[in-house]
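Below, each chain spelled out in residue letters.
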Amino acid sequence: LVLEDDLTLFSPTFQKYVYKMMVEKTNASTSDKHSSTKDAWDLMYLQRCNDEAWLKERPNTPGTTAQNRSSVEVHIGAHEQVTCTGAYIVTRKGAEKLLSQALPAKEQLDEQLGKVPGFVRAALSPPVAQCQEVYTNKFGQRTRDTDVQQYEKTNLGKELNAMNDRADK
């Protein structure tokens, strides 16, 4: 279970769904039975920005609030980019795939996860968690506070990119 430190909004059903999925995955991995298609995911998104059932608030677009309703598992296409990875569950098998096929990381996590061969992703809809990034500053303006770094333009970013290029050779 991975939760980013800025994950601040939880649906009333968060604990129920996370507990259920963790128990089901544990039981499926220790069972001799073949996993069902439902159990086939390597990563389950608990939070996504653009799920219509619980939209993440943006500076110019209001979000929606968490509802106390049932979530369903939805399949995420192999190359589909899922924005926002503030909360997810990754299986042991999924972690092994990431360690063997996704490192060194070349892109932001949101984008890179869709490019790992054989990495099966699913999501809960509506999500059961959301990050709050929109705040009102002292001038009454709604602004976005995000931890996504755009280091490419900094000296540190240039140095890191150069080190990555050297490591690839």
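Our structure's up above, just so we're on the same page.
Residues numbered from 1 in each chain as written. Predicted model: local features only at pLDDT ≥ 70, side-chain atom pairs only at ≥ 80, totals over all residues. Heavy atoms only, no water.

Draft legend 1. Focus on the packing of aromatic side chains. Within this structure, the stated rule accounts for one aromatic pair. Between the aromatic rings of Phe10 and Phe14, the centroid separation amounts to 4.9 Å while the plane-to-plane angle is 75°, which identifies the pairing as edge-to-face. Overall, the relative accessible area of 40% leaves Phe10 in the partly exposed class. Of the residues examined, Phe14 reaches a relative accessible area of 13% and is grouped as buried. Lys25 extends its terminal NZ or CZ atom over the ring of Trp41, reaching a point 4.3 Å from the ring centre. (Phe/Tyr/Trp six-rings, centres within 6.5 Å; stacked < 30°, edge-to-face > 60°. Buried < 20%, exposed > 50% of the residue type's maximum accessible area, 1.4 Å probe, protein only. Lys NZ or Arg CZ within 6 Å of the ring centre and 35° of its normal.)

Draft legend 2. Representation of the sheet that holds strand β6 (residues 121-125) in the model. The five strands lie next to each other as β1-β5-β3-β6-β4, forming an open sheet whose pairing is mixed. Since the sheet does not close on itself, it has two edges, and those belong to β1 (2-3) and β4 (72-76), each with one partner. (Pairing = 2+ DSSP bridges. Helix = DSSP H or I, 4+ residues; strand = E, 2+ residues; numbered from the N terminus.)

Draft legend 3. Local environment of a nonpolar patch on the surface. On the surface, a nonpolar cluster with roughly 260 Å² of combined accessible area is contributed by Leu1, Leu3 and Met22. Tracing the chain through its elements places Leu3 in strand β1. (Patch = residues over 30% accessible without salt bridge, like charges linked within 9 Å, V, L, I, M, F, W, Y side chains within 5 Å. Areas by Shrake-Rupley, 256 points an atom, 1.4 Å probe, with all protein chains shown as cover. Salt bridge = Lys/Arg side-chain N within 4 Å of Asp/Glu carboxyl O.)

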